[in-house]
Amino acid sequence: MRLTCSSSAHYNTPPMSRLSWFPTRRWPASSLLLLLVGLQAVHTLTCPRWGTPGNRGLFRDGEIVIGGLFHVHYTPPAMDNDFTDEPRYKECTVLEHLPMQYIYAMVFAVEEINRNPTLLPGIHLGYHIRDSCASHPWATQAALSLVSGDSSSCNPKDIAEDSKGVPLIIGGASSKTAMVLSRVLSPLSVPLMSYQSSCPCLSDRRQFPNFFRTIPSDIYQARAIASLALYFKWTWIGAVVANDDYGLVAVKLFQEETQGSGVCLAFLETLNRPNIASDARRAALAIKASSAKVILVFSWYTEVREVFLQLAQMNVTDRQFIASEAWSTSGNLLQNPVTSKVASGVLGIAIRSSPILGFENYIRSLTPFRRPDDDFLTEFWEQEFACRIPDVSASTPSANMSDPRTSLPLCSGEESLEVVDNLFTDTSQLRQAYNVYLAVYAAAHAIHNRLACPATPSRDRSSTCSSTKDVKPAELLQHLNEVNFTTPQGERLYFQGGDVPPKYDLVNWQKTPEGSLKLVLIGHVDGHDVHLNDTAVQWSSGSLQVPSSVCSESCPPGTRVASRKGEPICCFDCIQCADGEISNTTGSSNCERCPVETWSNVERTACIPRQLDFLSFNETLGITLTTVAVSGTMATTAVFVVFLYYRHTPVVRANNCELSFLLLLSLELCFLCSLLFIGRPSAWACRFQQAAFGISFVLSVSCLQVKTIVVLAAFRSARPGSGALMKWFGPGQQRGSVCVFTCIQIIICIIWLSLSPPEPRPDFDTPGLKVTLKCAMDSVVGFSLVLGYIGLLACTCLLLAFLARKLPDNFNEAKLITFSMLIFCAVWVAFVPAYVSSPGKYAVAVEIFAILASSYGLLFCIFAPKCFIILLRPEKNTKKHMMAR
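Model, not experiment: these values are computed from the prediction.

**Student:** How should I be thinking about the sheet that holds strand β6 (residues 169-170) in this particular structure?
**Tutor:** Within a beta sheet, neighbouring strands are joined by backbone hydrogen bonds and run either parallel or antiparallel to one another. Taken together, 6 strands build an open sheet; the order of strands is β1-β5-β2-β6-β7-β8 and the sheet is mixed. Strands with a single pairing partner mark the edges of an open sheet, and in this sheet they are β1 (57-60) and β8 (211-213). The pairing of strand β7 (residues 192-194) with β8 spans 3 bridges and is parallel. Within the sheet, the bridge partner assigned to Leu192 lies in β8 and is Phe211.

So this is what it looks like as structure tokens:
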């Protein structure tokens, strides 16, 4: 049956007389047009043209009435958005149990406030609650009906006699609905207080200046989840979100909160409700294929259920899901046996819960026999107990003769909600219902502040400072911004730009011994602080061990992170720190160089003091060089003894035997001075070793040079007219020349060692745990002069010996000197690059080797042929043989 209005005047005269409390400010033309069209729609649409019964609601009058808007019914999907001129009695017919609980939370709060002697004393608060049918158009129509004070009648006379509209509405079950209602009500300055709209966009006071809510913004939910990810060190997370503002904005906020913390999204899958079957399968395949073990889901429970069903079919049960508040407490998922094996261990953010004292008894005691005008309760009762309430108004669906419920038996009156267990009667965890409860108290405190009088002794419940009829929405809007009170539960409530301080519960889906899932409270979020009892969490594996979800395991101490090219920062390789560098923390991005006096340990985790190293007599190299040096000393001593024994033979006496003995003595010193370079360097050892080295070799080369000069002079004096030449190279002159050459070196050494002597110092420039303790030469000039002087004498000696090599003598010592000086010069020319390139103590070994090699070269080249003749060819040790040509 289609109902029509009996008078056309209803469509021609807008009820402006009932809007005397509207603000007098000038509105933009677009807002004014929207308002006038909306108000006209109230009178048009309140009639059942769209099929919504005009009297569907719960009403209780009072001196001040607040409005409520809840989606108690919804339209089946096949009927949605199908507006025609045909009768639409099947629209908005499916009753939801949970919004019923919200309605009676509001009613309970109003009745509790009316009994409170300190809050709104002398004021009787009322309520007008309507059904939005989970539809934006119907929510708009119901909201305008509430604020205009319109009735469901199509008779203008009834409209004129109706009471004024509500100054505030509690409603807006979804963010989109709240946006629409806030924009519609904003020109009227009517506050809209939502208990469930969490979109961050609603915090914009420029767009929604009249919007308030008792649920935190999703910004804080994303922050809390980001804090959990960082706390449990989850850096590789998959995300499945609803393809709408709720999911996309939430995951964007999550990424912003974790930016710079090393958290990456392994994948991001979106779910569209029209294509939920294919989208759920695609998301399930992505979850199965990904190495991410933790999956973040910002979506609605209906979409999550489809994803879980797909995962159950694929037997993917080892993922840890992080739930947003939209499905973290969903009873449908908790009680679903198919999805329970996938959903075990879910860790979720939930709207905070709080008990309301007396509310459970209030719900259980409800009965339509004591509330005959409560259409919502009557409908619920008839569905729950499969009976019909007697003597109900003919306007109710149950009185319609064509309604199938007319065949139901009459209710006996003995039915009770004490035995009913569903979402309506379950008060174990009041979340949205508690938000509705808080909204009512916030409205009551705002009204109380508006009507408050200065404290006077004569004030009682029957007196007020201003008339209750003068409570305008704009004034109430102002007082709502200033509300700050303590709830009956002891909670402090105030608004920050329309938002309440963020508070959440942390919940965990845990398996019971029977195999079902239960919701366990494991912590809470208070502002920016997250309080979590992590030992009470039961993870998806069924254990108390926190699951790991990383692309790459954290680099252990001793290594550093090396990013992989073209991959997220969470995917990396671990590179061991170089020698001399350490990292003592997990996941270090770089290695720190150790101070010069320390070096890295084998694990590269700590700097340890460097060990002093030097060429010692106990190591193999030291023993070898010592043996060679001692052997050279013994060989020189043996030659000295042989020469001493055969000192009267021509071979020994040839070319000044005193110089030969002096040369042997200098070679003894050369072999022995090499031992000064072995062992731990000391201040005196560093000074003496260089002086002994320089003086010993100058003495040796000086002897050879004088010998060479004598040979040349001897043969030159044999020429006619040159007899006087040898008087300048007699024995005394030879000894004096050797002394002069040697004294020059002694003077150089004294000056050097006096001004800048070598000192024992660790060679920190050489890498490695062991640092060589060596004689550091602060003055390179002094050492260079010592070596340069030796080199000058050696080169001069080599040149003179080379000139005398072909002199006509059967035994020409100049040849031997030439060979010995060639070896000497070759050794010391090779010494310079070898010494510079040798690290640590090996540089010392190179210098010792050069000393020994050159000493052996002089010893064998000069004295080996003579010893051979003396010992093995004595027949050649004659003056005649030596003078033969």
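**Student:** I keep staring at unusual backbone geometry and nothing clicks. Help me out?
**Tutor:** Glycine aside, the phi torsion of most residues is negative, and most peptide linkages are trans. Located in the positive-phi region is Leu120, a residue other than glycine, with phi close to 55°. Residue class for Leu120 comes out buried when judged on its relative accessible area of 3%. Phi at Arg604 takes a positive value of approximately 60°, unusual for a residue other than glycine. Turning to its location among the elements, Arg604 is positioned in the loop between β23 (598-600) and β24 (607-609).

**Student:** Hey, could you run me through the environment of Gln478 in this one?
**Tutor:** Summarising the element assignment, Gln478 is placed in helix α16 (residues 473-481). As for Gln478 and Ser189, which are separated by 289 residues in sequence, their C-alpha atoms are 9.7 Å apart.

**Student:** It is not clear to me how the nonpolar core should be interpreted in this structure. Could you clarify?
**Tutor:** Within soluble globular proteins, side chains that are nonpolar tend to cluster in buried spots. Within the largest apolar cluster, 68 residues are counted, with the highest numbers of intra-cluster contacts made by Phe70, Ile103, Tyr104, Met106, Ile170 and Met193. Sorting elements by how many residues they give to this core places helix α15 (residues 432-451) first, with 14 residues. Ignoring anything within four residues of it in the chain, the contact list for Met193 reads Leu168, Ile169, Ile170, Gly171, Phe212, Arg213, Thr214, Ala439, Ala442, Ala443, Leu480 and Phe495. Among the nonpolar cores identified, the runner-up in size contains 67 residues, and Leu659, Val738, Ile748 and Ile870 belong to it.

**Student:** What exactly am I supposed to notice about helix α23 (residues 813-837) here?
**Tutor:** Since the α-helix turns once every 3.6 residues, residues separated by three or four places project in the same direction. For α23, with 25 residues, the first-to-last C-alpha span of 37 Å sits near the 36 Å given by 1.5 Å per residue. By the largest-angle criterion, Phe831 marks the main kink of α23, which is about 30°, and a proline, Pro833, follows within four residues.

**Student:** It is not clear to me how the pairing of strand β27 (residues 770-776) should be interpreted in this structure. Could you clarify?
**Tutor:** One face of the sheet, then the other: side chains in a regular strand alternate in exactly this way. Of all 7 residues that make up β27, 5 are buried, and the element is covered over most of its length. Of the pairings in the sheet, the one linking strand β25 (residues 611-613) to β27 comprises 3 bridges and is parallel in character. Considered in β27, the bridge of Leu612 is made with Val771. Relative to β27, strand β26 (residues 759-762) runs antiparallel, the two sharing 4 bridges. Counted as the bridge partner of Glu759 is Ala776 from β27.

**Student:** I keep staring at the packing of helix α17 (residues 620-645) against helix α24 (residues 841-872) and nothing clicks. Help me out?
**Tutor:** Packing of α17 against α24 brings their axes to within 10 Å, and their N-to-C directions diverge by 25°. With respect to their mutual orientation, α17 and α24 come out roughly parallel. For the crossing formed where α17 meets α24, the hand is left-handed. The residues of α24 that touch α17, namely those facing Leu621, Leu625, Val628, Ala629, Ser631, Gly632, Ala635, Thr636, Val639, Val642 and Phe643, are Tyr842, Ala845, Ile848, Leu852, Tyr856, Leu859, Phe863, Lys866, Cys867, Ile870 and Leu871. Residues belonging to the contact of α17 with α24 are distributed by class as follows: 18 nonpolar, 3 polar and 1 charged.

**Student:** Is there a simple way to think about the sheet that holds strand β10 (residues 264-271) in this case?
**Tutor:** Taken together, 8 strands build an open sheet; the order of strands is β10-β9-β11-β12-β13-β16-β17-β18 and the sheet is mixed. Taken across any chain shown, the strands that pair with only one partner, and hence form the sheet edges, are β10 and β18 (529-532). Looking at each pair of strands side by side, their axes are set apart by 25° on average, direction ignored. Two elements, strand β17 (residues 517-526) and β18, share 4 bridges in a ladder whose sense is antiparallel. By the bridge assignment, Gly523 is partnered in β18 with Leu532.

Cut-offs applied
Residues numbered from 1 in each chain as written. Predicted model: local features only at pLDDT ≥ 70, side-chain atom pairs only at ≥ 80, totals over all residues. Heavy atoms only, no water. Pairing = 2+ DSSP bridges. Helix = DSSP H or I, 4+ residues; strand = E, 2+ residues; numbered from the N terminus. Buried < 20%, exposed > 50% of the residue type's maximum accessible area, 1.4 Å probe, protein only. Core = buried A, V, L, I, M, F, W, Y, C linked by side-chain atoms within 4.5 Å. Contact = heavy atoms within 4.5 Å. Expected span 1.5 Å × (residues − 1). Bend = angle between axes of the 7 residues up to and from the residue. Axes fitted to C-alpha atoms, helices over the stretch in contact; angles between N-to-C directions. Parallel < 35°, antiparallel > 145°, perpendicular 65-115°, else oblique. Left-handed = near helix turned anticlockwise from the far one by under 90°. Nonpolar A, V, L, I, M, F, W, Y, C, P; charged D, E, K, R; others polar.

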